[in-house]
Amino acid sequence: MTRTETARGAAGAVIAGQRIELLDRARIYACGITPYDVTHLGHAATFVWIDTLGRVLRLLGVQPEVCRNVTDVDDVLDAAAGRAGAAYDEFAAIQQFGFDQDMAAIGVRSPEHEPRAHRYVTHVIRLASGLLATGAAYQRAGGVYFRGAGVAERAGLDRPAARHLSGEFGGRPDDPAKDDPLDVAVWQAGEPGHPAWDSPWGPGRPGWHAECVAMALSVFGPAMDVHAGGAELRFPHHAYHAAMAEAFTGVRPYARAWFHTGVVTIDGAKMAKSAGNLVLLDDLLAVHPAGAVRLMILDRPWAQGWDYRPALLDAAAIRLESLYRAAARNVPDDPAAVDGLRRLLATDLNVPAALDLAAEAGGATARTLAGVLGLT
Ligand SMILES: [Zn+2]
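Residues numbered from 1 in each chain as written. Predicted model: local features only at pLDDT ≥ 70, side-chain atom pairs only at ≥ 80, totals over all residues. Heavy atoms only, no water.

Peer 1: Please provide a residue-by-residue account of the overall build of the protein chain, values included.
Peer 2: Along the protein chain, the regular secondary structure elements total 15 helices and 13 strands. Here the C-alpha radius of gyration of the protein chain, 22 Å, is about what a compact globule of 376 residues would show, namely 21 Å. With the principal axes as the frame, the protein chain shows a C-alpha extent of 70 × 45 × 35 Å. Taking all 376 residues of the protein chain together, 51% fall into the buried category. If you take every contact in the protein chain between residues at least 6 apart in sequence, the share linking residues at least 24 apart comes to 75%. Distance between charge centres in the protein chain, computed from 35 positive and 43 negative side chains, equals 5 Å. (Helix = DSSP H or I, 4+ residues; strand = E, 2+ residues; numbered from the N terminus. Rg over C-alpha atoms; globule rule 2.2 N^0.38 Å. Buried < 20%, exposed > 50% of the residue type's maximum accessible area, 1.4 Å probe, protein only. Contact = heavy atoms within 4.5 Å. Lys, Arg positive; Asp, Glu negative; His and termini not counted. Charge placed at Lys NZ, Arg CZ, Asp CG, Glu CD.)

Peer 1: So what's going on with the nonpolar core? Which residues, and what values?
Peer 2: Formed by 66 residues in total, the largest nonpolar core has its most connected members in Leu 41, Leu 57, Phe 259, Ile 297, Trp 306, Tyr 308 and Leu 369. Among the elements that line this core, the one with the most residues is helix 2 (residues 41-59), at ten residues. If you look at the next biggest cluster of nonpolar residues, it comprises 49 residues, including Ala 80, Val 121, Ala 152 and Ala 214. (Core = buried A, V, L, I, M, F, W, Y, C linked by side-chain atoms within 4.5 Å.)

Peer 1: I'd love a proper account of the coordination of the zinc ion, names of residues and values included.
Peer 2: For the zinc ion, the protein coordination sphere consists of Cys 31 (SG), Cys 212 (SG) and His 237 (NE2), at 2.0 to 2.1 Å. In terms of primary sequence, the donors binding the zinc ion are separated according to C-x180-C-x24-H. One end of the pair, Cys 31, is in the loop between strand 3 (25-30) and helix 2; the other, Cys 212, is in helix 8 (residues 208-220), and 181 residues separate them in sequence. (Donors = N, O, S within 2.8 Å, 3.2 Å for Na, K, Ca; no water.)

Peer 1: Explain the side chain of Asp 74 to me, using residue names and the numbers behind them.
Peer 2: Here Asp 74 lies in the loop between strand 4 (63-68) and helix 3 (75-84). Arg 205 provides the closest opposite charge to the buried, unpaired Asp 74, separated from it by 8.7 Å. At 2.8 Å, the side chain of Asp 74 and the backbone nitrogen of Val 76 are in polar contact. When sequence neighbours within four positions are dropped, the list of residues in contact with Asp 74 reads Thr 34 and Trp 208. (Salt bridge = Lys/Arg side-chain N within 4 Å of Asp/Glu carboxyl O. Polar contact = N/O pair within 3.5 Å; in protein donor to acceptor, adjacent residues only side chain to side chain.)

Peer 1: For the layout of surface pockets, give the residues involved together with the corresponding values.
Peer 2: As a volume, the second largest pocket reaches approximately 390 Å³. Lining the second largest pocket are 20 residues, and of these Ala 155, Arg 234, Ala 239, Trp 258 and His 260 lie nearest its centre. Going through the elements one at a time, helix 6 (149-154), helix 9 (234-249) and strand 10 (255-261) are the ones with two or more residues in the lining of the second largest pocket. If one sorts the elements of the lining of the second largest pocket by residue count, helix 9 sits on top with six residues. (1 Å grid on protein atoms, 1.4 Å probe; cavity = no way out; pocket = protein on both sides within 12 Å on 5 of 7 lines; lining within 4 Å. Points joined across faces, edges and corners; volume = space filled by probe spheres on them.)

Peer 1: Before we move on, could you go through the packing of helix 5 (residues 121-134) against helix 9 and cite the residues and values that matter?
Peer 2: For the pair helix 5 and helix 9, interaxial distance at closest approach is 9 Å and the crossing angle is 70 degrees. Here helix 5 lies roughly perpendicular to helix 9, going by the angle between them. Crossing of helix 5 over helix 9 shows left-handed handedness. Residues Arg 126, Leu 127, Gly 130, Leu 131 and Thr 134 of helix 5 form the contact with helix 9, whose participating residues are Met 244, Ala 247 and Phe 248. By residue class, the composition of the contact of helix 5 with helix 9 is five nonpolar, two polar and one charged. (Axes fitted to C-alpha atoms, helices over the stretch in contact; angles between N-to-C directions. Parallel < 35°, antiparallel > 145°, perpendicular 65-115°, else oblique. Left-handed = near helix turned anticlockwise from the far one by under 90°. Nonpolar A, V, L, I, M, F, W, Y, C, P; charged D, E, K, R; others polar.)

Peer 1: An account of helix 8 is requested, with residue identities and associated values reported.
Peer 2: Relative to the 18 Å expected for 13 residues at 1.5 Å per residue, helix 8 spans 19 Å between its end C-alpha atoms, a close match to the ideal helical length. Counted residue by residue, helix 8 has ten buried out of 13 residues, so it is predominantly covered. Buried residues of helix 8: His 209, Ala 210, Glu 211, Cys 212, Val 213, Ala 214, Met 215, Ala 216, Leu 217 and Phe 220, and no others. Just downstream of helix 8, Gly 221 is the residue with a positive phi angle, here 85 degrees. (Expected span 1.5 Å × (residues − 1).)

Peer 1: Tell me about the sheet that holds strand 3, and name the residues and values.
Peer 2: Overall, parallel pairing links the four strands, which are arranged 4-3-9-10 in an open sheet. Bordering the open sheet on either side are strand 4 and strand 10, each of which pairs with just one other strand. Across this sheet, the average inter-strand angle for adjacent strands is 25 degrees, counted without regard to direction. In the sheet, strand 9 (residues 224-230) pairs with strand 10 via six bridges, with the strands oriented parallel. (Pairing = 2+ DSSP bridges.)

Peer 1: I'd like a rundown of the environment of Ile 50, residues and numbers included.
Peer 2: Position of Ile 50 relative to the elements: it lies in helix 2. For the pair Ile 50 and Phe 259, spaced 209 residues apart in sequence, the C-alpha to C-alpha distance is 8.1 Å. Among residues more than four places away in sequence, those in contact with Ile 50 are Ile 28, Ala 30, Ala 228, Gly 229 and Phe 259.

Peer 1: Could you give an account of the packing of aromatic side chains, naming the residues involved and the relevant values?
Peer 2: Inspection of every chain in the model, using the stated rule, returns eight aromatic pairs. Ring geometry for Tyr 88 and Trp 197: centres 6.2 Å apart, planes at 80 degrees, overall edge-to-face. Here Tyr 88, found in helix 4 (residues 88-105), pairs with Trp 197, found in the loop between strand 7 (184-189) and strand 8 (204-206); they are 109 residues apart in sequence, far enough to count as distant. A relative accessible area of 14% means that Tyr 88 is categorised as buried. Accessibility expressed as a relative area gives 21% for Trp 197, which makes it partly exposed. Between Tyr 254 and Trp 258, the ring centres sit 6.1 Å apart and the planes meet at 50 degrees, which makes this aromatic pair tilted. Accessibility expressed as a relative area gives 23% for Trp 258, which makes it partly exposed. Between Arg 68 and the ring centre of Phe 47, over which it is positioned, the NZ or CZ distance is 5.5 Å. (Phe/Tyr/Trp six-rings, centres within 6.5 Å; stacked < 30°, edge-to-face > 60°. Lys NZ or Arg CZ within 6 Å of the ring centre and 35° of its normal.)

Peer 1: Quick one: what's the story with the sheet that holds strand 13 (residues 306-308), residue by residue and with numbers?
Peer 2: The strand order across the open sheet formed by three strands is 12-11-13, and the pairing between neighbours is mixed. Of all the strands in the sheet, just strand 12 (269-270) and strand 13 have a single pairing partner and so form its edges.

Spelled out as structure tokens, the structure:
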């Protein structure tokens, strides 16, 4: 008997090699999109995996409560809105509509909470005040900066690597207002071309990590069960998010488990609009059923990066067909096989092994798996 079976109503799952016990619900915070561009395969992979984590938890008797934010206050978004000649919020709302349609098309369930950053500005001001009060942040030139020297170390990065990543993700390591290049703005002083709100430090806007902290703490309180997002968000975004949340609340760890999904590359290169190598979800769904795209994403270890090739979709379509054939097989119910399936999925979402088991057992086992993977 597994622990899941012996403790009725209680369950647990192994996430990133670490077992977390869960009672009846799981708080999952997913870093959502910055709505300035179309959905590509990398976005789809992240949100299909987070969706599947929720479906697996539901199979285990745990109600997932997903909070997926919308980063609609963002410097990259401001620039894109400026180029389009639109107000940032209007532009974001239109992009968000397209993203929601894409998520629906690929079977990603709507999150229970979907906070938008622009509605949490007063929370960020409160967060900044709290961080100032504890000494974790300082006020300078109309901004509030979080002391970040310890964050890189905790993330296992040396200073040059941390500084490089900080620059790559808009952290402005060269900002002369900072005591240390690894400090980050909780509150950014106002600048032309960006929206601004009043604050005790003058007009300005929330910093990226801080707005996510404000939304996460407002929706779930001081800690969560799982914090999820693409692996590229591990540093600086998630490292600073956790550090700010813990400095503000005093509750450690901020997240019981981290669910960092592997990055999708094209010919070994990062997908980027500037590189012209974006694989758009729309384009894939125009020629392939959503089930094949989902299965291509899911038939692998979730934390591992992978390289997209069109042949993978053909292989996924064949695997999907064999799952459907197995599901249609008229075989007696096999509770041991369904339990085995549950165990495999509860152990770091071992989808490849679960697919093999379902194909062999057929019947209800295969139908259960098809449901859990969102393929029905
Ligand atoms: Zn975030």
